Amino acid sequence: MASLERNNKILLDLVQQPGNNLCADCGAPEPDWASYTLGVFVCLNCSGLHRNLPAVSRVKSIRLDFWDDSLVEFMRKWGNSAAKAIYEKCVPAFFYQPQQKDCIVLKDQWIRAKYERREFTGENYFQQAYYSDLFESTLWKKGKDNKQFLKRIFLLSRKDFTLRYFIKEDSKLPKAVISMKDLNAVFQPEKINHAHGLQISYMHDKRTRNLFVYHEKGQVIVSLFNAIRATRLAYLLKKHPTLRDNDLIPQLTVNCLKEGYMEKTGPTHREPFKKRWFTLCSMNRKLLYYKSPLDATEQGAVFIGTESHSYSASESSRQSLRGNRWHCGIRLETPERQFLFMCEQEQEQKEWLEAFRKVISQPMTPEDYANEASMRRGK
């Protein structure tokens, strides 16, 4: 008869080995669950997603559950590295592999793609929708000037590196033609209030335009996301033929560094403070602000350069200013202007300062200098 104490000790030793010491699906440290049908060690959150695939994966706690000798031997034989060699054998370079902090739909579809649909074993490598030169899908899209979501037809083309969307199926002309040059896509389930919510951003008339969309099926929206990444990679490879895939992967889609509400005053600091939604992206070094999180178009943008070019971020103790309800201040210095923001809590102030300083510490690229000059000309 198997010894509970002995077998759990063996499993605890196995999970500390390189490869097993991180969740097989999201990379979270110290996983304490395992799939005894797949032979992988996973974290608590991913174990819950494995439970949705009973025909493929069965999970147990390596600390609390009883393990039979044969199951322990199976885990000893397999483990994360051996399973990865099979289930992740042919993952495309552009395919997004979720991390611990990513949203549920990304992790769920990554797990289903690997183990349920076996997309990366080499058996059906080029049969997936995200490989197609044309990807078409009907999505629910939020209206530009209202909160209503309406069905729109989206067409992604790898031939001319564009994303188009149409109001009706029989529409001859698209409502918008979006170039891959400045397009970004990021999942925003909490902001959009849908588990499959995706935000697509691009430049239109020198301003950032946001589309908020979702699809009822997780597989469809994640396939679109990866198709966008595939199209972005093809575009960047054509634009930079001397660069390799690994050099361009970080540029395909980028999560914002920090988002949230702050209060903002005008250039003289005597104007009333107004509450605005701010988004900071490290890739384009821009701080964007909106009236509300689901605004279609930015109200304004601030370029953030480096310290050597007279950019800095620091705490501000000026509290008795006109109209401000919050008192945790931030002073953002640029060559043209000093910006003053107020945060509601000290923790928010700390997080914003860390985000600003992270961008300021990054060296500027030639493209950054061009963007900075373009924004100055536009003012």
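One structure accompanies this document, and this report is about it. Note that the structure is predicted; figures quoted are calculated from it, not measured. (Residues numbered from 1 in each chain as written. Predicted model: local features only at pLDDT ≥ 70, side-chain atom pairs only at ≥ 80, totals over all residues. Heavy atoms only, no water.)

## A few points about the overall build of the protein
Within the protein, the secondary structure is distributed over ten helices and 17 strands. By residue count, 51% of the 379 residues in the protein fall in the buried class. Taking as baseline every contact in the protein between residues at least 6 positions apart, the subset at least 24 positions apart corresponds to 52%. Accessible surface, the protein: about 19,600 Å² in total, of which carbon and sulfur atoms supply 48%. Charge-centre separation for the protein: the mean point of 59 positive side chains lies 6 Å from the mean point of 44 negative side chains. (Helix = DSSP H or I, 4+ residues; strand = E, 2+ residues; numbered from the N terminus. Buried < 20%, exposed > 50% of the residue type's maximum accessible area, 1.4 Å probe, protein only. Contact = heavy atoms within 4.5 Å. Areas by Shrake-Rupley, 256 points an atom, 1.4 Å probe, with all protein chains shown as cover. Lys, Arg positive; Asp, Glu negative; His and termini not counted. Charge placed at Lys NZ, Arg CZ, Asp CG, Glu CD.)

## Quick word on the side chain of Asn7
Of note, Asn7 is situated in helix 1 (residues 4-14). Within the structure, Asn7 has its side chain in polar contact with the backbone oxygen of Trp67 (distance 2.9 Å). Separated by 2.9 Å, the side chains of Asn7 and Asp69 make a polar contact. (Polar contact = N/O pair within 3.5 Å; in protein donor to acceptor, adjacent residues only side chain to side chain.)

## Concerning the sheet that holds strand 1 (residues 33-35)
One open sheet accounts for three strands, arranged 2-1-3; its pairing is antiparallel. The two strands at the open ends of the sheet, each matched to only one other strand, are strand 2 (40-42) and strand 3 (59-61). When the angles between neighbouring strand axes are averaged without regard to direction, this sheet yields 30°. Taken together, the three bridges between strand 1 and strand 3 define a ladder with antiparallel strand orientation. Bridging across to strand 3, Ala34 finds its partner in Lys60. (Pairing = 2+ DSSP bridges. Axes fitted to C-alpha atoms, helices over the stretch in contact; angles between N-to-C directions.)

## So, the packing of aromatic side chains
Any aromatic ring pair is given by two values, namely how distant the centres are and how the planes are angled relative to each other. Scanning the model with the defined rule gives 24 aromatic pairs in all. Note on Phe95 and Tyr130: the rings are 5.2 Å apart at their centroids and 70° apart in plane angle, and the pair reads as edge-to-face. Residue Phe95 is found in the loop between helix 4 (80-87) and helix 5 (104-116), and its partner Tyr130 is found in the loop between helix 5 and strand 4 (134-142); the two are separated by 35 residues along the sequence. With a centroid separation of 5.1 Å and an interplanar angle of 65°, the aromatic rings of Phe187 and Phe225 are classed as edge-to-face. With Phe187 in strand 8 (residues 184-187) and Phe225 in helix 7 (residues 218-239), this residue pair connects regions lying 38 residues apart in the sequence. Given the relative accessible area of 3%, Phe225 is considered buried. Sitting over the ring of Tyr36, Lys60 keeps its end group 5.6 Å from the ring centre. The side chain of Lys275 reaches across the aromatic face of Tyr261, ending 4.4 Å from its centre. (Phe/Tyr/Trp six-rings, centres within 6.5 Å; stacked < 30°, edge-to-face > 60°. Lys NZ or Arg CZ within 6 Å of the ring centre and 35° of its normal.)

## Some words on the pattern of salt bridges
This structure, assessed with the given rule, holds 15 salt bridges. A salt bridge links Asp69 to Arg6, with the nearest nitrogen and oxygen atoms 2.9 Å apart. Of this pair, Asp69 sits in helix 3 (residues 69-77) while Arg6 is found in helix 1, placing the two residues 63 residues apart along the sequence. Classification of Arg6 by relative accessible area gives partly exposed; the value is 41%. Between Lys114 and Asp25 there is a salt bridge, and its shortest N-O distance comes to 2.7 Å. Here the residue Lys114 occupies a position in helix 5, and Asp25 occupies one in the loop between helix 1 and strand 1, the gap between them amounting to 89 residues. For the residue pair Lys114 and Asp25, the accessibility class agrees, reading buried in each case. A network of salt bridges, in which partner residues are shared, links Asp25, Glu88 and Lys114. (Salt bridge = Lys/Arg side-chain N within 4 Å of Asp/Glu carboxyl O.)

## Observations regarding unusual backbone geometry
Unlike most non-glycine residues, Arg118 shows phi in positive territory, near 50°. When you line up the elements, Arg118 lands in the loop between helix 5 and strand 4. A positive phi angle, near 65°, is found at Asn193, a position not held by glycine. Assessed through its relative accessible area of 68%, Asn193 is described here as exposed.

## Some points on the pairing of strand 13 (residues 286-290)
The buried fraction of strand 13 is high, at five of five residues. What you see with strand 13 is no split at all: Lys286, Leu288 and Tyr290 on one side and Leu287 and Tyr289 on the other are buried throughout. As paired strands, strand 12 (residues 274-281) and strand 13 are joined by five bridges and run antiparallel to one another. Bridged to Phe278 within strand 13 is Tyr289. Hairpin connection from strand 12 to strand 13: four residues lie between these consecutive antiparallel strands, with Arg285 at a positive phi of about 60°. Across four bridges, strand 13 lies against strand 14 (residues 300-303) in antiparallel orientation. Bridge pairing in strand 14 links Tyr289 to Gly300.

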